Amino acid sequence: QVQLVESGGGLVQAGGSLRLSCAASGRTVRSYTMGWFRQAPGKEREFVAAIRWSGARTVYDSVKDRFTISINNAKNTVYLQMNSLKPEDTAVYYCAADGDTISPIRTTARVYAYWGQGTQVTVSS
């Protein structure tokens, strides 16, 4: 069992920055790949970035120049640094955990077994 708690969302103007945090807990948390997804109203949940406790990571092409994913092993926390935010980045952002840490990092939401409650990010124009 893995528990995930996101924080750091909010309202920001276009061009601004936010840092999302995902505090992970559970006896086996290091056995999971940690991911960030987002879901805008009326749209499907989409992959943003993912990282392993080893440091291996991948970021969605459309945001890789603006978003950075990182991990703090000592705090069991995953971060998503979002810079140069755009109105189209507005969404609920979710932290998720995938039990596969061997295959290439997966980007499909349905394979992630655990999810946080989500944090709202709103970017005004």
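Structure: above.
Since we're looking at a predicted model, the values are computed, not measured.

Chemist: Before we move on, can you summarise the overall build of the protein with the specific residues and values?
Modeler: Looking only at helices and strands, one finds zero helices and eleven strands in the protein. Along the protein, helices (α) and strands (β) appear in the sequence β-β-β-β-β-β-β-β-β-β-β when read from the amino end. Taken over C-alpha atoms, the radius of gyration comes to 13 Å for the protein, in line with the 14 Å a tight globule of 125 residues would show. If you line up the protein on its principal axes, its C-alpha atoms span 40 × 25 × 25 Å. Buried residues in the protein amount to 44% of all 125 residues. Considering only contacts in the protein between residues 6 or more positions apart, those separated by 24 or more positions represent 59%. Of the roughly 6,400 Å² of accessible surface on the protein, 46% is carried by carbon and sulfur atoms. In the protein, 14 positive and 9 negative side-chain charges are present, and the distance between their average locations comes to 7 Å.

Chemist: Residue-level account of the packing of aromatic side chains, with values.
Modeler: Ring pairs (aromatic) are described by centroid distance and by the angle formed between their planes. On inspection of all chains with the given rule, the structure shows six aromatic pairs. Note on Phe37 and Tyr112: the rings are 4.9 Å apart at their centroids and 75 degrees apart in plane angle, and the pair reads as edge-to-face. Highlighted residues: Phe37 in strand 4 (residues 33-39) and Tyr112 in the loop between strand 9 (91-98) and strand 10 (114-115), separated in sequence by 75 residues. Tyr112 matches Phe37 in its accessibility class, with the two residues each being buried.

Calculation notes
- Residues numbered from 1 in each chain as written.
- Predicted model: local features only at pLDDT ≥ 70, side-chain atom pairs only at ≥ 80, totals over all residues.
- Heavy atoms only, no water.
- Helix = DSSP H or I, 4+ residues; strand = E, 2+ residues; numbered from the N terminus.
- Rg over C-alpha atoms; globule rule 2.2 N^0.38 Å.
- Buried < 20%, exposed > 50% of the residue type's maximum accessible area, 1.4 Å probe, protein only.
- Contact = heavy atoms within 4.5 Å.
- Areas by Shrake-Rupley, 256 points an atom, 1.4 Å probe, with all protein chains shown as cover.
- Lys, Arg positive; Asp, Glu negative; His and termini not counted.
- Charge placed at Lys NZ, Arg CZ, Asp CG, Glu CD.
- Phe/Tyr/Trp six-rings, centres within 6.5 Å; stacked < 30°, edge-to-face > 60°.

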